[in-house]
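So you can see what is in the structure, the chains are spelled out below.
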Amino acid sequence: MTGAAEAVVAGAWLTTGVLLATVVAPLLASPPGLRSLGGVSFLVPAALLADAVAASALVRLSGGVRLLGWLALAATGLGVIGYLVVAGLAGTRLVAHRVDGVPRAPWWIAAGCGGLSAAALGRVGALHPAGGGEEALRILGWVALGLLSIGTVALIAVLTGSVRFVLRIRHLEGRPPWPPTFSTGVYALGASQVGRLLNEPVISRLADAAAVATICLWVITVLAHLPALARLRLRPRRAR
């Protein structure tokens, strides 16, 4: 199991490095402008944060690798800073241009990335030698709570807009580019870590509610697309 986990984590880090070099670096060298910034931009810090969570899990599984722990800490720091920068730019963009001109579904990632930031802080802080001590972990918990709060504000806004959109749907056409299931799931992970760090049952119950919502959203998404999948399977037979 450890060998399989090492292979998966190595693949995740390698993929992130390649994408940062081939996709993100050219954009940083020649920024496309504030109007083109959308929810997809949150995938950049989210990738670093997910890699940090994976690396910290591997440290626990392998019995502790100091270098890997420091690497997870560095990825968490870059991911958190990146999330705050992208959130600030996104807020400015929304004030100036609202949600016009970019796909709306990926804005769910803004909420999920807040939860992923909190989850990464909790996972890395629990294993890193520089993060020991109850007081240090509690400070880390308050920082994680701040990040989760940003994600919560984004979650409320995106959820409100999504409910309005869903209520107007008469039939599904195509596939959603980024359903909310993943974002709600990582939000639940973040809330769980904040509840653990601060020892707050209320936040832990919020994590449980988000986890249940994730499962429900996944089931609803699958069921909603079953008729379309059935039609796709029947088309070739009818054509014959």
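Keep in mind it's a predicted model, so treat the numbers as computed, not measured.

J.: Looking at this structure, how should I read the overall build of the chain?
T.: On a plain count of helices and strands, the chain comes out with 7 helices and 0 strands. Walking the chain from its N terminus toward its C terminus, one meets helices and strands in the order α-α-α-α-α-α-α. Each of the 240 residues in the chain was classed as buried or not, and the buried ones make up 34%. Taking the intrachain contacts of the chain between residues at least 6 apart in sequence as the baseline, contacts between residues at least 24 apart amount to 83%.

J.: How should unusual backbone geometry be read in this particular structure?
T.: Trans peptide bonds make up the majority, and among non-glycine residues the majority have a negative phi. In this structure, Arg98 is a non-glycine residue whose phi angle is positive, near 55 degrees. As for its placement among the helices and strands, Arg98 is situated in the loop between α3 (66-97) and α4 (108-127). Residue Arg98 is classed as exposed on the basis of its relative accessible area of 60%. Non-glycine residue Asn199 carries a positive phi angle of around 55 degrees. Summarising the element assignment, Asn199 is placed in the loop between α6 (181-198) and α7 (201-239).

J.: Sorry if this is basic, but what is going on with the layout of surface pockets here?
T.: Over the atoms rolls a probe the size of a water molecule, and its path tells where empty space is left. Space inside the second largest pocket adds up to approximately 910 Å³. Around the second largest pocket, the lining comprises 30 residues; the ones closest to its centre are Val24, Leu27, Ser41, Val44 and Val86. Elements with a minimum of two residues in the lining of the second largest pocket: α1 (2-29), α2 (43-62) and α3. Tallying contributions element by element places α1 first for the lining of the second largest pocket, with 7 residues. When the residues that make up the lining of the second largest pocket are grouped by side-chain class, the tally is 23 nonpolar, 7 polar and no charged.

J.: Could you clarify how one ought to interpret the packing of helix α5 (residues 134-167) against α6 in this entry?
T.: Think of two packed helices as two axes; the pair is described by the angle between the axes and how far apart they sit. Close contact between α5 and α6 brings their axes to 9 Å; oriented N to C, the two are set at 150 degrees. As judged from the angle between their axes, α5 and α6 are roughly antiparallel. Relative to α6, α5 is oriented so that their crossing is left-handed. Contact residues: α5 offers Leu137, Arg138, Leu140, Gly141, Trp142, Ala144, Leu145, Leu148, Gly151, Thr152 and Leu155, while α6 offers Tyr187, Gly190, Ala191, Val194, Leu197 and Leu198. Looking at the contact of α5 with α6 residue by residue, the class counts come to 12 nonpolar, 4 polar and 1 charged.

Conventions and cut-offs
- Residues numbered from 1 in each chain as written.
- Predicted model: local features only at pLDDT ≥ 70, side-chain atom pairs only at ≥ 80, totals over all residues.
- Heavy atoms only, no water.
- Helix = DSSP H or I, 4+ residues; strand = E, 2+ residues; numbered from the N terminus.
- Buried < 20%, exposed > 50% of the residue type's maximum accessible area, 1.4 Å probe, protein only.
- Contact = heavy atoms within 4.5 Å.
- 1 Å grid on protein atoms, 1.4 Å probe; cavity = no way out; pocket = protein on both sides within 12 Å on 5 of 7 lines; lining within 4 Å.
- Points joined across faces, edges and corners; volume = space filled by probe spheres on them.
- Nonpolar A, V, L, I, M, F, W, Y, C, P; charged D, E, K, R; others polar.
- Axes fitted to C-alpha atoms, helices over the stretch in contact; angles between N-to-C directions.
- Parallel < 35°, antiparallel > 145°, perpendicular 65-115°, else oblique.
- Left-handed = near helix turned anticlockwise from the far one by under 90°.

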